[in-house]
Amino acid sequence: MGLYLFLVTFRRGHLFRAGLQRGKKHLEDDSRSQNATSHGDRSPNDRTGPGCRTRGFNQWQATGLHSKIPAHPNLALSVRWLRVEYAASERRVCGLMGMAVTTYRYRTQRTDEPLRTRLVELAREKPRFGYRRLHVLLRRSGEQVNHKRLHRVYREAGLSIRRKKRKHCVREGKPLVMRTSANQEWALDFVHDAVECGRTIRVLSVVDAYTRECLALEVDTSFASRRVTRVLDQIITERGRPEAIRCDNGPELTSRHFLAWCVERQIELVHIQPGKPTQNGRVESFNGRLREECLNLSWFQNLFDAWRKIAAWRIEYNEERPHRSPGVQNPERVCDAGGDLLHRGARSKGLNGVHPKTDTGN
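Remember, it's a predicted structure, so these values are computed and weren't measured experimentally. (Residues numbered from 1 in each chain as written. Predicted model: local features only at pLDDT ≥ 70, side-chain atom pairs only at ≥ 80, totals over all residues. Heavy atoms only, no water.)

### Let's talk about the environment of Gly-158
One can find Gly-158 in the loop between helix H9 (147-156) and strand S1 (186-194). Residues Gly-158 and Val-120, 38 residues apart in the sequence, show an inter-C-alpha distance of 9.4 Å. (Helix = DSSP H or I, 4+ residues; strand = E, 2+ residues; numbered from the N terminus.)

Structural data, given as structure tokens:
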């Protein structure tokens, strides 16, 4: 009884078994309807005549529908396991599982040894070739082999190439903390846009975590790590060294040069976890304002025009635009109230019509 209940539950997942039973029942019902009219014409030894209990199944078997029902790939393994687990006969388990005994007993006569030997020879000659390139070499030599069979033999022979996975540094997320003075933490990030001709430009934004002041908006088509450090050196010359820098894991901010630059100046470098921009929420909020109030409302004819308009918006952001935090006032007044007054000439440096690429030191 336990074996029967287990098999009933086990085969519920096999949809082909349910279709097989419906087709068999339908044909048996047809055979019973014919038995009412032709029952007296059957001979005693005729097992396929009207009125025979196996006639419906024989008719269903004669239609060839059973050959069109796909077998489950692990059905033979399931039959073998049930025979060992419940000590049941082979015929009984195959009958309950809907599998023919001849199918269960079938053993393939084909051999893949010649193909396996040939693949091993080619793999020794070309150790970094995968199965697709080996398939091309076999076709060039005149051997026509199905690519799926080749892949199966290739894997069974243990010739799969190990793919070298790129090693990534594990970043431990550090939550945002409340800052009490300027230069405790700077936040860095990049914003993308395009000029009239369709060329992509990048904007490097540097924001003070306490005063919300935009320390730099550098515009260019690309940024190397040395270009980023030159911009930061210029800001440090104007207002001092920060205690920490928070940024993402871009190639410009994870290079050896940038890491060595931070170590040399004793600046703590805080990398956020990949895929979690909220850990650098202050600069992300600033980028949203930059996108809504400047980039989406401006049409840049060229790189110089983009630099000029973005630099003008930076002055407005720092000196005129009121902020909800802190205290609904602009960053300049926050600096004045905290005793961290910055020189306006230093903050406005670079707005005299000279492009950053033509400036000395860049």
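### Overview of the sheet that holds strand S5 (residues 268-271)
The strand order across the open sheet built from 5 strands is S3-S2-S1-S4-S5, with neighbouring strands paired in mixed fashion. Two strands lie at the open edges of the sheet, namely strand S3 (214-220) and S5, each paired on one side alone. Neighbour to neighbour, the strand axes of the sheet diverge by 20° on average, direction disregarded. Pairing of S1 with strand S4 (residues 244-247), which is carried by 2 bridges, proceeds in the parallel orientation. Residue pairing across strands places Trp-186 opposite Ile-245, the latter belonging to S4. Helix H10 (residues 225-239) rests against S1, strand S2 (200-208), S3 and S4 of the sheet, and its axis sits at about 150° to S3. Along the sheet, helix H13 (residues 303-319) makes contact with S2 and S3, crossing S3 at roughly 170°. (Pairing = 2+ DSSP bridges. Axes fitted to C-alpha atoms, helices over the stretch in contact; angles between N-to-C directions. Contact = heavy atoms within 4.5 Å.)

### Some points on the packing of helix H8 (residues 131-140) against H9
How two helices sit against one another is set out by the angle between their axes and by the gap between those axes. Relative to each other, H8 and H9 sit at 120°, their axes nearing to 10 Å. By the angle between their directions, the pair H8 and H9 is classed as oblique. For the pair H8 and H9, the crossing hand works out as right-handed. Where H8 abuts H9, its residues Tyr-131, Leu-134, His-135 and Leu-138 lie against His-147, Leu-150, His-151 and Tyr-154. Within the contact of H8 with H9, the residues separate by chemical class into 5 nonpolar, 3 polar and no charged. (Parallel < 35°, antiparallel > 145°, perpendicular 65-115°, else oblique. Left-handed = near helix turned anticlockwise from the far one by under 90°. Nonpolar A, V, L, I, M, F, W, Y, C, P; charged D, E, K, R; others polar.)

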